[in-house]
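Examining the three-dimensional arrangement
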Amino acid sequence: MTLKIFVAGEWREGRGDPMVSRFPADGSINAELNAAGLDDVEEAIAAADAAWRAPAWRDRMPHERAEVLYRVSDLIRERLDELAALQTRDNGKPLAEARGLVASAAGTARYFAAACETLEGELPTQRNVDFMTLSQYEPLGVIAAITPWNSPIASEMQKVAPALAGGNAVVLKPAEATPLMALKLAELFEEAGLPKGLLSVLPGRGSVIGEALVRHPKVRKISFTGGTSTGRHLAHVAADKLIGTSLELGGKSPTIICEDADLEQATKGVAYGIFSSAGQACIAGSRLFIHRRRYDEVMARLETIARELRVGHPETPGVHLGPLISEAHRDGVAAYVERAREEGGRIRCGGVIPSEGELAAGSFYPPTLIEGLPHDSAVCQEEIFGPVLVALPYDDEDELVGLANDNVYGLAAGIWSADYRRALRLAGRLEAGTVWINTYKKFSISTPFGGYKESGLGREKGRQGIQAYMQQKSLYLGLDHEPIAWSD
Ligand code: ADP
């Protein structure tokens, strides 16, 4: 299958280098395509800039813009199975997980359609009798959306839906490894009747196509999800252009098992928080702090759970962990575990690249549980983005908070405790944009999401999610019949 890319409302051969989409479970080829070239970037942006200004979009009432998003949401739900299967081919997630992501993309489109229909301007309290003021929300213009490979369609929809709802046009550059779902999304928007030019999808290298896109003078906002070093670079680009960013970056999220936690629930939750998606999630709960009195019991339970999780072909029902995105990425994860060994860490389970059967054919890695490392070691401090959990005991709350916050990231945290007063007190002290208490990795599109510290800037989701793609214009309406009086 040779794929075309979607530029300015047309399907065409990309004008960049050839690229290949592979199935991470066995390395087989999903599709071959030509990446977008610099001419495609230029054309997509010119079309986007014309399209958001055109009456066909600009003059559409919000509830009419919302119609497109409602239709996309319906199309996604109708094709859930087909899209989930494609998602699994694209990045290797187990089918059940892929279904969840696809369904969440339908929910996101519906939510931002509703947000678009009901977004109000503001009527500030009046401070004068001779004029009144109004404040209305307007689009920014052309949005550059850049997405990673770990949650295709969900992360794309999280940017495309609110940006379109806000009256903008979007040029989307998906990750090199996962072009399929982003191109499928373009197909769905086309079928839903989105006017041409409002969405282009440009697969290609970040350093070439992504870079040209964000630097383009017509791009008025960068919405990025990915690694912190790329995010930092994009923040510099945005600073030079004086444009806004939404940056959703890395994490090394602490999860805490308090002395009073229900250990069955807590250990299953912790295992889900790190090992689902094979740990390839910015919010993965990858540092575990356990109250010393429960430490041995928690570790024994976790080891049992980790050994029972099924690693396997993502199209096989009942599999918990599919392959990692690529061999190169898997080798990077394995290198961290080697480093843990060299630094004196004990590997309670996992930690060996599978070399037999179907697992030898893909980039698989088993659930891995490490203990005995100092908190300042690389494995405790750096984002690994794989199924690797590092555990540490703690004795008291002040020590715990100090350790949990001792990291450059601040994306998420988890607390397991039977006492909500304790949990809420702890939650208040943690430097994290999201804190889950007695649950983990649950999401609601109506709840803002984003990071503290080096985990990012700005918030996605929630009613503010659409305002992130808009700017406010204030209007002053004079009420006086007399000429303006000069003040003495
Ligand atoms: P990861 O999530 O693998 O750590 P990155 O942060 O490098 O990866 O990638 C996330 C997205 O950012 C991808 O779509 C990638 O192509 C893109 N990207 C990488 N470098 C740049 C860049 N200089 N400019 C724009 N986009 C980039």
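None of these values were measured; they are calculated from a predicted model. (Residues numbered from 1 in each chain as written. Predicted model: local features only at pLDDT ≥ 70, side-chain atom pairs only at ≥ 80, totals over all residues. Heavy atoms only, no water.)

1. As for the overall build of the protein chain
Within the protein chain one finds 16 helices and 22 strands. Relative to the globule expectation of 23 Å for 488 residues, the C-alpha radius of gyration of the protein chain, 24 Å, shows essentially globular dimensions. C-alpha atoms of the protein chain, sized along the principal axes, occupy 80 × 60 × 40 Å. Every one of the 488 residues in the protein chain was classed for burial, and the buried ones make up 57%. Here the contacts in the protein chain between residues at least 6 apart in sequence split such that 72% fall between residues at least 24 apart. When the accessible area of the protein chain is evaluated, it comes to approximately 20,300 Å², of which 52% is carbon and sulfur surface. Here the protein chain holds 52 positive side-chain charges and 65 negative ones, and the gap between their average locations is 1 Å. (Helix = DSSP H or I, 4+ residues; strand = E, 2+ residues; numbered from the N terminus. Rg over C-alpha atoms; globule rule 2.2 N^0.38 Å. Buried < 20%, exposed > 50% of the residue type's maximum accessible area, 1.4 Å probe, protein only. Contact = heavy atoms within 4.5 Å. Areas by Shrake-Rupley, 256 points an atom, 1.4 Å probe, with all protein chains shown as cover. Lys, Arg positive; Asp, Glu negative; His and termini not counted. Charge placed at Lys NZ, Arg CZ, Asp CG, Glu CD.)

2. As for the layout of surface pockets
Counted as a void, the second largest pocket has a volume near 380 Å³. If you trace the second largest pocket, you find 19 residues lining it, with Pro62, Arg65, Tyr137, Glu138 and Met470 closest to the centre. Elements represented by at least two residues in the lining of the second largest pocket include exactly α2 (55-58), α3 (62-78) and β6 (131-139). Counting residues per element, the lining of the second largest pocket draws most heavily on β6, at four residues. A class-by-class count of the residues in the lining of the second largest pocket yields nine nonpolar, four polar and six charged. (1 Å grid on protein atoms, 1.4 Å probe; cavity = no way out; pocket = protein on both sides within 12 Å on 5 of 7 lines; lining within 4 Å. Points joined across faces, edges and corners; volume = space filled by probe spheres on them. Nonpolar A, V, L, I, M, F, W, Y, C, P; charged D, E, K, R; others polar.)

3. Points about the site of the ligand
By nearness alone, 18 residues border the ligand, and Thr147, Lys173, Glu176, Glu211 and Gly227 come closest of all. Gly227 has a polar backbone atom sitting 2.8 Å from an oxygen atom of the ligand. The separation between an oxygen atom of the ligand and a polar side-chain atom of Thr230 is 3.0 Å. Contact with the protein chains removes 77% of the 550 Å² of surface that the ligand exposes when unbound. For the shell around the ligand, the secondary-structure elements that each account for two or more residues are α8 (206-215), β10 (219-225) and α9 (228-241). Partitioned by chemical class, the residues of the shell around the ligand number seven nonpolar, eight polar and three charged. (Near = heavy atom within 4 Å. Polar contact = N/O pair within 3.5 Å; in protein donor to acceptor, adjacent residues only side chain to side chain.)

4. Observations concerning the packing of helix α4 (residues 80-91) against helix α7 (residues 179-191)
At a minimum axis distance of 8 Å, the contact between α4 and α7 shows a crossing angle of 150 degrees. In terms of axis orientation, α4 runs roughly antiparallel to α7. Listed contacts from α7 to Glu82, Leu83, Leu86, Gln87 and Asp90 of α4 are Pro179, Leu180, Met181, Lys184 and Leu188. Residue composition of the contact of α4 with α7, by class: six nonpolar, one polar and three charged. (Axes fitted to C-alpha atoms, helices over the stretch in contact; angles between N-to-C directions. Parallel < 35°, antiparallel > 145°, perpendicular 65-115°, else oblique.)

5. Quick look at the domain arrangement of the protein chain
Splitting the protein chain by domain gives domain 1 (2-249 + 455-474) and domain 2 (254-437). Look at where the C-alpha atoms of domain 1 and domain 2 centre, and you get two points 31 Å apart. With 23 residues of domain 1 at the interface, the matching set in domain 2 holds 26 residues. A buried area of about 1,700 Å², summed over both sides, lies between domain 1 and domain 2, and 58% of it is on carbon and sulfur atoms. Where domain 1 touches domain 2, the interface holds zero salt bridges. Along the contact surface separating domain 1 from domain 2 lie eight residue pairs in polar contact (both at pLDDT 80 or more). Taken together, the elements giving at least two residues each to the side of domain 1 that touches domain 2 come down to α4 and α5 (95-118). Broken down by element, the residue count for the side of domain 1 that touches domain 2 peaks at four residues, all from α4. In the side of domain 1 that touches domain 2, the residues fall into eight nonpolar, eight polar and seven charged. (Domains from an automatic or database assignment. Buried area = accessible area lost by both parts, 1.4 Å probe. Salt bridge = Lys/Arg side-chain N within 4 Å of Asp/Glu carboxyl O.)

6. A short note on unusual backbone geometry
For Ala8, which is not glycine, the phi torsion reads 55 degrees and is therefore positive. Examined against the element boundaries, Ala8 turns out to sit in the loop between β2 (5-7) and β3 (10-12). Although it is not a glycine, Ala278 sits at a positive phi angle of roughly 50 degrees. Along the polypeptide, Ala278 turns up in the loop between α10 (263-275) and β13 (287-291). The buried category is assigned to Ala278, whose relative accessible area is 2%.

7. Some remarks on helix α11 (residues 295-308)
Across its 14 residues, α11 extends 20 Å between first and last C-alpha, which sits within 8% of the 20 Å expected from 1.5 Å per residue. Taken together, the buried positions of α11 are occupied by Tyr295, Val298, Met299, Leu302, Glu303, Ile305 and Ala306. Buried residues in α11, looked at end-on, bunch into an arc of 165 degrees, giving them a common side. Residues of α11 that are exposed and point more than 90 degrees away from the buried face comprise Asp296, Arg307 and Glu308. (Expected span 1.5 Å × (residues − 1). Arc of directions from axis to C-beta.)

8. With respect to the sheet that holds strand β16 (residues 388-394)
The seven strands are arranged β14-β15-β16-β13-β12-β18-β19 in an open sheet whose pairing can be described as mixed. Across the chains shown, the open sheet's two edge strands, defined by having one partner strand only, are β14 (346-349) and β19 (434-437). Shown here is a sheet whose adjacent strand axes are inclined to one another by a mean of 25 degrees, direction ignored. Relative to β16, β13 runs parallel, the two being bridged by five bridges. In the sheet register, His291 faces β16, and the bridge partner there is Tyr394. (Pairing = 2+ DSSP bridges.)

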